[in-house]
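# An overview of the molecular structure
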Amino acid sequence: MRAAPVTPNGDQIRWVELPGAEPARLYLHGLGASSPVYFAAAAAHPLLTGRRSLLLDLLGFGISDRPADFAYTLEAHADTVATAVAAAGLDRVEVVGHSMGGAIAIVLAHRHPGLVSRLLLVDANLDPIAPDRKRIGSSGIASYTEEEFLAGGREEVAEQAGPFWWSTMRLAGAEGLYRSALHLARGSEPTMRELLLGLDLPRTFLYPAVDGEPDGADGLRAAGVRVVAVPDCGHNIMLDNPEGFATEAAVALGLG
């Protein structure tokens, strides 16, 4: 495990690092998740192994620090990730981002030009989402006020999340989980979709075939984004269909 301070207060982001050749690869997890848990098998897959890989936990999640005074906006997350990457001695990385991690990866590439060489988005958030208490995820969490969430909403979310998701979500700081969900639901300005369309680098968007094509797929393709369906999986593509994920990821990352 490695670590780097990423805030003026010295709060640390931590990551599990796998040795290998460069260009290095950075893995970013989704809301309530942890990169070493969600991406370890993918990073070690024969089609993807051999690269220096950073399985990084965002500030507020997993093995990273959980400050209560951090903003947890998409932009703030992206900037702390950039600081951690620099501390690792890297000035260019391929980025694999799942769900919220994909949204942050887009913002990272926009705010830190030249840092991201390739972008693989795994069923990532591209648009704002309206708060909805009946939905699981960022939309449901964003339907609470922060006070409501801290006073009991977190326990309600735990029941909805189920034991698998909660096994990593329970490691998140309550403030970090709430604020990250709130800002993910609100989206960036311009939106993640608009930022993605404007990026000048290889970009791939993977989605579960069962869900059908994502909204705006034709517009993504017109801007040069590869939009690829992966069969036999849900939202957690790399966990549900490791072989399918690795095969498409290898193509996206220039290995296939």
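Our subject in this report is the structure included herewith. Every value quoted in this text rests on a predicted model; they were computed, and no experiment measured them.

## Focus on the overall build of the protein chain
If you tally the helices and strands in the protein chain, you get 10 helices and eight strands. Against the compact-globule benchmark of 18 Å for 256 residues, the protein chain has a radius of gyration of 17 Å, which places it among compact chains. On the principal axes, the C-alpha backbone points of the protein chain span a range of 50 × 40 × 35 Å. Across the 256 residues that make up the protein chain, the buried fraction comes to 57%. Of the contacts formed within the protein chain by residues at least 6 apart in sequence, a portion of 68% connects residues at least 24 apart. As presented, the protein chain carries roughly 10300 Å² of accessible surface, and 51% of it is formed by carbon and sulfur atoms. Charged side chains of the protein chain number 20 positive and 31 negative; the gap between the two group centres comes to 4 Å.

## Points about the packing of aromatic side chains
A ring pair, where both rings are aromatic, is described by two values, the distance of the centres and the angle of the planes. The final tally for this structure, using the stated rule, is five aromatic pairs. Where Y144 meets F149, the ring centres are 6.0 Å apart and the plane angle is 70°; that geometry is what we call edge-to-face. Classification of Y144 as buried rests on a relative accessible area of 6%. One aromatic cluster is present, formed by Y144, F149 and Y178 through successive ring pairs. The residue whose ring lies beneath R133 is Y144, and the NZ or CZ to ring-centre distance is 3.7 Å.

## A look at the layout of surface pockets
Approximately 820 Å³ is the volume found for the largest pocket. Contributions of two or more residues to the lining of the largest pocket are made by α4 (138-142) and β7 (203-208). Broken down by element, the residue count for the lining of the largest pocket peaks at three residues, all from β7. A breakdown of the residues in the lining of the largest pocket according to their chemical character gives 14 nonpolar, 10 polar and seven charged.

## Digging into empty space enclosed by the protein
Enumeration over the complete set of coordinates arrives at one cavity of 30 Å³ or more. Computed from the structure, the largest cavity encloses a volume of approximately 30 Å³. Lining the largest cavity are R135, I136, G137, G140, I141, V157, Q160, W165 and M169. Contributing elements (two or more residues each) for the lining of the largest cavity: α4 and α5 (146-169). Per element, the largest residue contribution to the lining of the largest cavity is four residues, and it comes from α5.

## Quick word on the pairing of strand β8 (residues 226-230)
As paired strands, β7 and β8 are joined by five bridges and run parallel to one another. Looking at the pairing, F205 lines up with V227 of β8. At this point the chain moves from β7, through helix α8 (residues 217-222), to the parallel β8, and the crossover so formed is right-handed.

## Looking at the pairing of strand β3 (residues 21-28)
Relative to strand β4 (residues 51-57), β3 is paired through five bridges, and the arrangement is parallel. Directly across from L26, in β4, lies its bridge partner L54. In this fold, β3 hands off to helix α1 (residues 35-43), which returns the chain to β4; that crossover is right-handed.

## Comments concerning the nonpolar core
One broad rule of soluble globular proteins: the nonpolar side chains tend to lie buried together. If you look at the biggest cluster of nonpolar residues, it comprises 91 residues, and the most contacted ones within it are L26, L119 and F245. No other element matches helix α3 (residues 100-111), which puts eight residues into this core. For L26, the residues in contact, after removing those within four places along its chain, are L54, L56, V81, V85, V93, E94, V95, V96 and L108.

## Some words on the sheet that holds β7
Spatial strand order, β1-β2-β4-β3-β5-β6-β7-β8: eight strands in an open sheet with mixed pairing. On the outer flanks of this sheet lie β1 (2-5) and β8, each paired with one strand and no other. Mean inter-strand twist for the sheet, computed between neighbouring axes without regard to direction, equals 25°. Strand direction decides the pairing type here: strand β2 (residues 12-18) and β4, joined by five bridges, are antiparallel. Within β4, the position partnered with W15 by the bridge is L56. Contacts from α1 reach β2, β3, β4 and β5 (93-98) within the one sheet, and its direction differs from that of β4 by about 160°. Together, β1, β2, β3, β4 and β5 form the strand contacts of helix α2 (residues 74-87), whose direction differs from that of β2 by roughly 50°.

Definitions and cut-offs
- Residues numbered from 1 in each chain as written.
- Predicted model: local features only at pLDDT ≥ 70, side-chain atom pairs only at ≥ 80, totals over all residues.
- Heavy atoms only, no water.
- Helix = DSSP H or I, 4+ residues; strand = E, 2+ residues; numbered from the N terminus.
- Rg over C-alpha atoms; globule rule 2.2 N^0.38 Å.
- Buried < 20%, exposed > 50% of the residue type's maximum accessible area, 1.4 Å probe, protein only.
- Contact = heavy atoms within 4.5 Å.
- Areas by Shrake-Rupley, 256 points an atom, 1.4 Å probe, with all protein chains shown as cover.
- Lys, Arg positive; Asp, Glu negative; His and termini not counted.
- Charge placed at Lys NZ, Arg CZ, Asp CG, Glu CD.
- Phe/Tyr/Trp six-rings, centres within 6.5 Å; stacked < 30°, edge-to-face > 60°.
- Lys NZ or Arg CZ within 6 Å of the ring centre and 35° of its normal.
- 1 Å grid on protein atoms, 1.4 Å probe; cavity = no way out; pocket = protein on both sides within 12 Å on 5 of 7 lines; lining within 4 Å.
- Points joined across faces, edges and corners; volume = space filled by probe spheres on them.
- Nonpolar A, V, L, I, M, F, W, Y, C, P; charged D, E, K, R; others polar.
- Pairing = 2+ DSSP bridges.
- Right-handed = clockwise from strand over helix to strand, strands pointing away.
- Core = buried A, V, L, I, M, F, W, Y, C linked by side-chain atoms within 4.5 Å.
- Axes fitted to C-alpha atoms, helices over the stretch in contact; angles between N-to-C directions.

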